[in-house]
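Observations on the three-dimensional arrangement
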Amino acid sequence: MAPYWEHFAHEADMGIRGIAPTLEQAFEQAALAMTAVITDPAEVLPSEAIPIHCQEPDSEYLFLDWINELIYAMAVRGLLFSRFQVSINNGELTATAFGEAVDRGKHQPAVEIKGATLTELHVYQQPDGLWVTQCVVDV
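This text gives an overview of the structure that appears in the document. (Residues numbered from 1 in each chain as written. Predicted model: local features only at pLDDT ≥ 70, side-chain atom pairs only at ≥ 80, totals over all residues. Heavy atoms only, no water.)

1. Brief notes about the overall build of the protein
Spelled out, the test is: Secondary structure elements follow DSSP: runs of H or I no shorter than four residues count as helices, runs of E no shorter than two count as strands, and numbering proceeds from the N terminus. For the radius of gyration, the atom set is restricted to C-alpha positions; the globular benchmark scales as 2.2 Å times the number of residues to the power 0.38. Any two residues whose heavy atoms approach within 4.5 Å at even a single point are treated as in contact. Only the protein chains shown count as cover for residues, and all accessible areas are computed by the Shrake-Rupley method using a 1.4 Å probe. Two residue types count as positive, namely Lys and Arg, and two as negative, namely Asp and Glu; His and chain ends fall outside the count. One atom stands in for each charge, and that atom is NZ of Lys, CZ of Arg, CG of Asp or CD of Glu.
Broken down by element type, the protein carries three helices and eight strands. N-terminal to C-terminal, the α/β element order of the protein is β-β-α-β-α-β-β-α-β-β-β. At 14 Å, the protein has a C-alpha radius of gyration in line with the 14 Å of a compact globule built from 139 residues. Taken over the C-alpha atoms alone, the protein extends approximately 45 × 35 × 25 Å along its principal axes. When contacts within the protein are restricted to residue pairs at least 6 apart in sequence, those whose partners lie at least 24 apart make up 61%. Of the accessible surface of the protein, which amounts to about 6800 Å², a share of 48% is contributed by carbon and sulfur atoms. Placing the 6 positive and 20 negative side-chain charges of the protein at their respective mean positions leaves the two points 9 Å apart.

Set out below in C-alpha coordinates:
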(Lines give C-alpha, C1' and ligand atoms only; values in the text may rest on other atoms or scores of the structure.)
Protein backbone atom coordinates (compact mmCIF):
# COMPACT_ATOMS: atom_id res chain seq x y z
CA MET A 1 0.00 0.00 0.00
CA ALA A 2 1.26 3.47 -0.88
CA PRO A 3 1.82 5.97 1.93
CA TYR A 4 -0.86 8.60 2.32
CA TRP A 5 -2.07 11.36 4.61
CA GLU A 6 -5.42 12.56 5.81
CA HIS A 7 -7.06 15.13 8.06
CA PHE A 8 -9.52 14.46 10.85
CA ALA A 9 -11.81 17.02 12.44
CA HIS A 10 -11.28 18.16 16.01
CA GLU A 11 -13.41 21.04 17.30
CA ALA A 12 -11.74 24.32 16.22
CA ASP A 13 -8.39 22.68 15.42
CA MET A 14 -7.31 20.11 12.83
CA GLY A 15 -6.03 16.57 13.11
CA ILE A 16 -3.19 15.38 10.90
CA ARG A 17 -2.43 11.74 10.20
CA GLY A 18 0.21 9.87 8.22
CA ILE A 19 -0.29 6.22 7.25
CA ALA A 20 2.47 4.21 5.59
CA PRO A 21 4.37 0.91 5.46
CA THR A 22 7.29 2.37 7.45
CA LEU A 23 7.45 4.63 10.49
CA GLU A 24 9.60 7.13 8.58
CA GLN A 25 7.09 7.34 5.74
CA ALA A 26 4.24 7.84 8.24
CA PHE A 27 6.17 10.79 9.75
CA GLU A 28 6.64 12.20 6.22
CA GLN A 29 2.97 11.78 5.33
CA ALA A 30 1.79 13.47 8.53
CA ALA A 31 4.09 16.40 7.68
CA LEU A 32 2.40 16.61 4.27
CA ALA A 33 -0.97 16.61 6.03
CA MET A 34 0.31 19.52 8.13
CA THR A 35 1.25 21.48 4.99
CA ALA A 36 -2.15 20.67 3.51
CA VAL A 37 -3.82 22.41 6.46
CA ILE A 38 -2.15 25.62 5.22
CA THR A 39 -2.06 25.20 1.44
CA ASP A 40 -2.04 22.63 -1.38
CA PRO A 41 1.34 20.83 -1.05
CA ALA A 42 1.39 20.35 -4.85
CA GLU A 43 1.79 24.14 -5.19
CA VAL A 44 4.96 24.19 -3.04
CA LEU A 45 8.21 23.70 -4.95
CA PRO A 46 10.83 21.62 -3.11
CA SER A 47 13.59 24.07 -4.01
CA GLU A 48 15.15 24.70 -0.58
CA ALA A 49 16.43 21.97 1.77
CA ILE A 50 16.29 22.45 5.54
CA PRO A 51 17.86 19.92 7.94
CA ILE A 52 15.75 18.84 10.92
CA HIS A 53 17.00 16.89 13.93
CA CYS A 54 15.10 15.60 16.95
CA GLN A 55 15.96 13.10 19.64
CA GLU A 56 13.41 11.43 21.89
CA PRO A 57 13.23 7.76 22.92
CA ASP A 58 9.40 7.76 22.98
CA SER A 59 8.05 7.56 19.41
CA GLU A 60 4.97 9.66 20.20
CA TYR A 61 7.03 12.49 21.66
CA LEU A 62 9.49 12.16 18.78
CA PHE A 63 6.58 12.65 16.37
CA LEU A 64 5.38 15.68 18.36
CA ASP A 65 8.91 17.15 18.30
CA TRP A 66 9.13 16.50 14.53
CA ILE A 67 5.94 18.38 13.76
CA ASN A 68 6.85 21.24 16.11
CA GLU A 69 10.33 21.55 14.58
CA LEU A 70 8.71 21.86 11.14
CA ILE A 71 6.27 24.49 12.42
CA TYR A 72 9.18 26.42 13.95
CA ALA A 73 11.22 26.21 10.72
CA MET A 74 8.24 27.42 8.69
CA ALA A 75 7.65 30.38 11.02
CA VAL A 76 11.27 31.47 11.40
CA ARG A 77 12.28 30.96 7.77
CA GLY A 78 8.98 31.94 6.12
CA LEU A 79 8.77 28.60 4.29
CA LEU A 80 6.27 25.95 3.34
CA PHE A 81 7.34 22.33 2.84
CA SER A 82 6.20 19.78 0.27
CA ARG A 83 8.68 16.90 0.49
CA PHE A 84 10.45 15.18 3.36
CA GLN A 85 13.17 12.57 3.84
CA VAL A 86 13.10 11.07 7.33
CA SER A 87 15.44 8.61 8.99
CA ILE A 88 14.79 7.31 12.52
CA ASN A 89 17.33 5.29 14.45
CA ASN A 90 17.09 4.54 18.18
CA GLY A 91 14.96 7.57 18.96
CA GLU A 92 17.00 9.93 16.82
CA LEU A 93 15.30 11.56 13.85
CA THR A 94 17.41 13.04 11.09
CA ALA A 95 15.48 14.60 8.23
CA THR A 96 15.47 17.06 5.40
CA ALA A 97 12.41 19.16 4.65
CA PHE A 98 12.15 20.57 1.13
CA GLY A 99 10.10 23.63 0.29
CA GLU A 100 10.01 27.24 -0.76
CA ALA A 101 9.34 30.70 0.62
CA VAL A 102 5.71 31.53 1.28
CA ASP A 103 4.19 33.45 -1.61
CA ARG A 104 0.79 34.69 -0.44
CA GLY A 105 -0.48 35.07 -4.00
CA LYS A 106 0.61 31.61 -5.09
CA HIS A 107 0.05 29.60 -1.91
CA GLN A 108 -2.93 31.50 -0.47
CA PRO A 109 -2.29 30.23 3.08
CA ALA A 110 -5.59 29.39 4.80
CA VAL A 111 -4.38 29.37 8.41
CA GLU A 112 -1.26 29.59 10.54
CA ILE A 113 -0.41 26.53 12.60
CA LYS A 114 0.69 27.46 16.11
CA GLY A 115 1.88 24.06 17.23
CA ALA A 116 1.34 20.33 17.54
CA THR A 117 -0.56 19.23 20.64
CA LEU A 118 -0.79 16.15 22.82
CA THR A 119 -4.44 15.83 21.79
CA GLU A 120 -5.05 12.52 20.03
CA LEU A 121 -1.29 11.97 19.82
CA HIS A 122 -0.71 8.38 18.69
CA VAL A 123 2.08 6.51 16.93
CA TYR A 124 1.39 2.84 16.38
CA GLN A 125 1.58 -0.06 13.96
CA GLN A 126 -1.74 -1.53 12.84
CA PRO A 127 -2.32 -5.30 12.58
CA ASP A 128 -1.94 -4.98 8.78
CA GLY A 129 1.60 -3.68 9.31
CA LEU A 130 0.92 -0.04 8.39
CA TRP A 131 2.23 2.68 10.68
CA VAL A 132 -0.03 5.51 11.82
CA THR A 133 1.19 8.84 13.19
CA GLN A 134 -1.28 11.47 14.28
CA CYS A 135 -1.96 14.48 16.45
CA VAL A 136 -4.06 17.62 16.52
CA VAL A 137 -2.42 20.88 15.47
CA ASP A 138 -3.49 24.18 16.97
CA VAL A 139 -4.59 26.58 14.22
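Okay, back to it.
2. With respect to unusual backbone geometry
Of note in this structure, N90 is not a glycine but carries a positive phi near 50°. Secondary-structure assignment places N90 in the loop between β4 (79-89) and β5 (92-101). Even without a glycine there, the phi angle at E120 is positive, about 55°. With respect to the helices and strands, E120 occurs in the loop between β6 (115-116) and β7 (122-125).

3. Here's the deal with the packing of helix α1 (residues 23-38) against helix α2 (residues 59-77)
Rules: Lines are fitted to the C-alpha atoms to define the axes, a helix being fitted only along its stretch in contact, and any angle between axes, read from their N-to-C directions, falls within 0 to 180 degrees. In what follows, roughly perpendicular refers to angles from 65 to 115 degrees, roughly parallel to angles under 35, roughly antiparallel to angles over 145, and oblique to any angle outside these ranges. Crossings are sorted by hand: turned counterclockwise from the far helix by less than a right angle, the near helix makes the crossing left-handed, and turned clockwise it makes it right-handed.
At a minimum axis distance of 11 Å, the contact between α1 and α2 shows a crossing angle of 40°. Judged on the interaxial angle alone, α2 and α1 are oblique. α1 and α2 meet at a crossing whose hand is right-handed. On the side of α1, the interface is formed by F27, A30, A31, M34 and I38, while α2 contributes S59, L62, F63, W66, I67, L70, I71 and M74.

4. Re the environment of K106
Definition in use: Identification of polar contacts relies on pairs of N or O atoms within 3.5 Å, with a donor-acceptor requirement for protein atoms, meaning one able to donate a hydrogen and the other able to accept it, and with residues adjacent in sequence counted only if both atoms are side-chain atoms.
Relative to the helices and strands, K106 is located in helix α3 (residues 104-107). Spatially, the C-alpha atoms of K106 and V44 are 8.8 Å apart, while their sequence positions differ by 62 residues. A distance of 3.2 Å separates a polar side-chain atom of K106 from the backbone oxygen of E43. At 2.7 Å, the side chain of K106 forms a polar contact with the side chain of E100.

5. A closer look at the pattern of salt bridges
Note on pairing: side chains with opposite charge can pair once their charged atoms come close. Here is the rule: Think of a salt bridge as a Lys or Arg side-chain nitrogen and an Asp or Glu carboxyl oxygen that are within 4 Å of each other. Think of it in three bands: with a 1.4 Å probe and only protein chains considered, a residue is buried below 20% of the maximum accessible area for its type, exposed above 50%, and partly exposed in between.
Under the counting rule described, the total for this entry stands at two salt bridges. Across the pair R17 and E6 runs a salt bridge, and its minimum N-O distance is 2.5 Å. Of this pair, R17 sits in strand β2 (residues 13-20) while E6 sits in strand β1 (residues 4-10), and the two are eleven residues apart along the sequence. Overall, the relative accessible area of 17% leaves R17 in the buried class.

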